[in-house]
Amino acid sequence: MASSSKFSDVPMVLLFLLAFGSIAPLADARAFFIFGDSLVDSGNNNYLATTARADSPPYGVDYPSRRATGRFSNGLNIPDLIGQKIGLSESPLPYLSPDFNGKKLLIGANFASAGVGVLNDTGVQFANILRMYRQLELFQEYQRRLSAQVGSKQARKLVNQALVLITVGGNDFVNNYYLVPYSARSRQYRLPDYVKFVISEYQRLLMSLYKLGARRVLVTGTGPMGCVPAELAMRGTNGGCSEDLQRAASLYNPQLVQMLNGLNKQIGKDVFISANTQRMHGDFVSDPRAFGFVTSQIACCGQGPYNGLGLCTQLSNLCPNRALYAFWDPFHPSEKANRLIVEQIMTGSNEYMHPMNLSTIMAMDSRT
């Protein structure tokens, strides 16, 4: 009798493992969700009818597979590198990827789409892209799919404990307000008023994200928008950065931090963490050689002045050593520059990360 009762317990053990085995990874590493634009898009636009895409060579020339994946980079992008730092075994897949199913949902998801801005009218020239309201709708859809897989309680726990990255706002200036002379938005608003409008709309987006369960959200500001190779080529002032776009960045970024501080105060917790990417980028834009770059003005891939005109294609000029260039294409940092940015996100002082850096967040959250 003893032996038969022993064997009759085996199926119960197996049932337990089958029932909870798919939930076990929730405790291994926190999930990671990404929202925003081309700086963090890992390939959603590959599955959309849009011109804003990076699924052809030479994009991905230094990616592990040496293939273009839809990342606007020669190699890894910021979500890839943050994912490594927080212990993920692989980067979250683009939500639109046909491979995004099963246990891939437990890792997180990337909802970002190149060309989008805070405002719905930003990036209209790119046609079919995932605007921010749509990214949040897909996040809701994701949570329904996750609940069906692991149950609503575990799904809510995974989302609450996840790290969220949101990078959006630059296109509201580059691809909207300053897209063309006398743009609709520039006729509607003076720049200071437009900045306030974008910030107020961004605040609504972030509160929607909070209501959907996000509790640790990294929010990046804009970089030095007027100093990217595209703007040097098209709008540079006396051979230097575009004064208009630099003024926009100098108005926008402090107000973004102020808004995030206000939200945290309203919530009563440090949910939103601001990353001063204007300062991070500005460091190697102003002194590229200190970071091992030969230039922060000329893109590795492109054509025309500063390699800043048009798209990066197989017909473009292509530098042989991407690690020597701060910019990969006319708008986007190289993988090496992305690594420098992520190092500051992880360990940067209060001048770069407010109210704390990601390493501090990870240490705090591991104790709770």
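The protein has the name cutin SYNTHASE2 in an unreviewed UniProt entry, where Hibiscus trionum is given as its organism. UniProt lists a comment for the protein under the heading Sequence similarities (unreviewed entry), and it reads "Belongs to the 'GDSL' lipolytic enzyme family."

**Student:** Would you explain the overall build of the protein in this entry?
**Tutor:** Tallying secondary structure elements over the protein gives twelve helices and eight strands in all. At 22 Å, the protein has a C-alpha radius of gyration in line with the 21 Å of a compact globule built from 368 residues. Dimensions of the protein, computed from the C-alpha atoms along their principal axes, are close to 90 × 45 × 40 Å. Each of the 368 residues in the protein was classed as buried or not, and the buried ones make up 52%. Put simply, of all contacts in the protein between residues at least 6 apart along the chain, 70% involve residues at least 24 apart. Here the protein has roughly 16500 Å² of accessible surface; of this, 55% comes from carbon and sulfur atoms.

**Student:** I would appreciate a short explanation of the pairing of strand β3 (residues 163-167) in the present structure.
**Tutor:** Side chains on a regular strand alternate between the two faces of the sheet. Among the five residues in β3, five count as buried, and that is most of the element. Side-chain alternation along β3 places Leu163, Leu165 and Thr167 on one buried face and Val164 and Ile166 on a second face that is also buried. Taken together, the five bridges between strand β1 (residues 32-36) and β3 define a ladder with parallel strand orientation. The residue of β3 that forms the bridge with Ile34 is Leu165.

**Student:** Where do I start with the confidence of the model for the protein in this structure?
**Tutor:** A low pLDDT means the predicted coordinates there should not be read in detail. Mean pLDDT over the protein: 92, with 92% of residues reaching 70 or higher. Counting interchain partners and residues more than four positions distant, the pLDDT-below-50 stretch residues 1-27 has nine contacts.

**Student:** What should I look at first to understand the side chain of Gln135 in this one?
**Tutor:** Position of Gln135 relative to the elements: it lies in helix α3 (residues 132-150). The class for Gln135 is buried, based on a relative accessible area of 0%. Of note is the side chain of Gln135, whose polar atom sits 2.9 Å from the backbone nitrogen of Gly36. Among the polar contacts listed, one links the side chain of Gln135 to the backbone oxygen of Leu130, at a separation of 2.9 Å. Apart from residues lying up to four places away in sequence, Gln135 is in contact with Phe35, Gly36, Phe111, Ala112, Ser113, Val116 and Leu130.

**Student:** What's the story with empty space enclosed by the protein in this structure? I'm lost.
**Tutor:** Per the counting criterion, the structure on display carries one cavity of 30 Å³ or more. Its volume calculated, the largest cavity comes out at about 50 Å³. Partitioned by chemical class, the residues of the lining of the largest cavity number four nonpolar, five polar and no charged.

Reading the values: rules and limits
- Residues numbered from 1 in each chain as written.
- Predicted model: local features only at pLDDT ≥ 70, side-chain atom pairs only at ≥ 80, totals over all residues.
- Heavy atoms only, no water.
- UniProt positions renumbered as here; feature names shortened; annotations may be inferred.
- Helix = DSSP H or I, 4+ residues; strand = E, 2+ residues; numbered from the N terminus.
- Rg over C-alpha atoms; globule rule 2.2 N^0.38 Å.
- Buried < 20%, exposed > 50% of the residue type's maximum accessible area, 1.4 Å probe, protein only.
- Contact = heavy atoms within 4.5 Å.
- Areas by Shrake-Rupley, 256 points an atom, 1.4 Å probe, with all protein chains shown as cover.
- Pairing = 2+ DSSP bridges.
- pLDDT = per-residue confidence, 0-100.
- Polar contact = N/O pair within 3.5 Å; in protein donor to acceptor, adjacent residues only side chain to side chain.
- 1 Å grid on protein atoms, 1.4 Å probe; cavity = no way out; pocket = protein on both sides within 12 Å on 5 of 7 lines; lining within 4 Å.
- Points joined across faces, edges and corners; volume = space filled by probe spheres on them.
- Nonpolar A, V, L, I, M, F, W, Y, C, P; charged D, E, K, R; others polar.

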